[in-house]
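Each chain, letter by letter, is given below.
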Amino acid sequence: MGLGGISIWQLLIILVIVLLLFGTKKLRNLGSDLGGAVKGFKDSMGDEDKANEEEGDPESLSEAGENSETTQAKDAEQDKERS
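**A few points about the overall build of the protein**
Each helix and strand in the protein was counted, giving two helices and zero strands. Total accessible area computed for the protein in this model is approximately 7,600 Å², and 58% of it derives from carbon and sulfur atoms.

Quick look at the structure:
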């Protein structure tokens, strides 16, 4: 048994039908377009992460909660020293 009750032979028959309908060239172009889109998405996500790190945005850091607690504790200590 294959995926959801579909055997390997049935999957091969479906693959042959798809190849006959669309042709290898069109499927190759579709695959390269899809791969380019995924690569572009990954690149844009990486650029966004780098931009957040350069800005020092505490919300983008994985320890954002710890950073805000540390900052609040330091602010409280400075207020006590000023008083």
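**Re a nonpolar patch on the surface**
Taken together, the side chains of Ile 6, Ile 8, Trp 9, Leu 11, Leu 12, Ile 14, Leu 15 and Leu 19 make up a nonpolar region of the molecular surface, amounting to roughly 750 Å² of accessible area. Within the fold, Leu 12 resides in helix H1 (residues 8-55).

**Re a negative patch on the surface**
The grouping of Asp 43, Asp 47, Glu 48, Asp 49, Glu 53, Glu 54 and Glu 55 at the surface amounts to a negative patch. When you line up the elements, Glu 54 lands in helix H1. Judged by relative accessible area, Glu 54 falls into the exposed class, the value being 72%.

**As for H1**
Counted at 1.5 Å a residue, the expected span for H1 with its 48 residues is 70 Å, but the 52 Å between its end C-alpha atoms falls short. Maximum bend of H1: about 90 degrees, positioned at Gly 23.

**A short note on the confidence of the model for the protein**
Residue-level pLDDT values for the protein average 78, and 76% of them are 70 or greater. Every residue in residues 60-66 scores below 50 in pLDDT, and together they form four contacts with partners more than four places removed in sequence or on other chains.

Scoring rules and cut-offs
Residues numbered from 1 in each chain as written. Predicted model: local features only at pLDDT ≥ 70, side-chain atom pairs only at ≥ 80, totals over all residues. Heavy atoms only, no water. Helix = DSSP H or I, 4+ residues; strand = E, 2+ residues; numbered from the N terminus. Areas by Shrake-Rupley, 256 points an atom, 1.4 Å probe, with all protein chains shown as cover. Patch = residues over 30% accessible without salt bridge, like charges linked within 9 Å, V, L, I, M, F, W, Y side chains within 5 Å. Salt bridge = Lys/Arg side-chain N within 4 Å of Asp/Glu carboxyl O. Lys, Arg positive; Asp, Glu negative; His and termini not counted. Charge placed at Lys NZ, Arg CZ, Asp CG, Glu CD. Buried < 20%, exposed > 50% of the residue type's maximum accessible area, 1.4 Å probe, protein only. Expected span 1.5 Å × (residues − 1). Bend = angle between axes of the 7 residues up to and from the residue. pLDDT = per-residue confidence, 0-100. Contact = heavy atoms within 4.5 Å.

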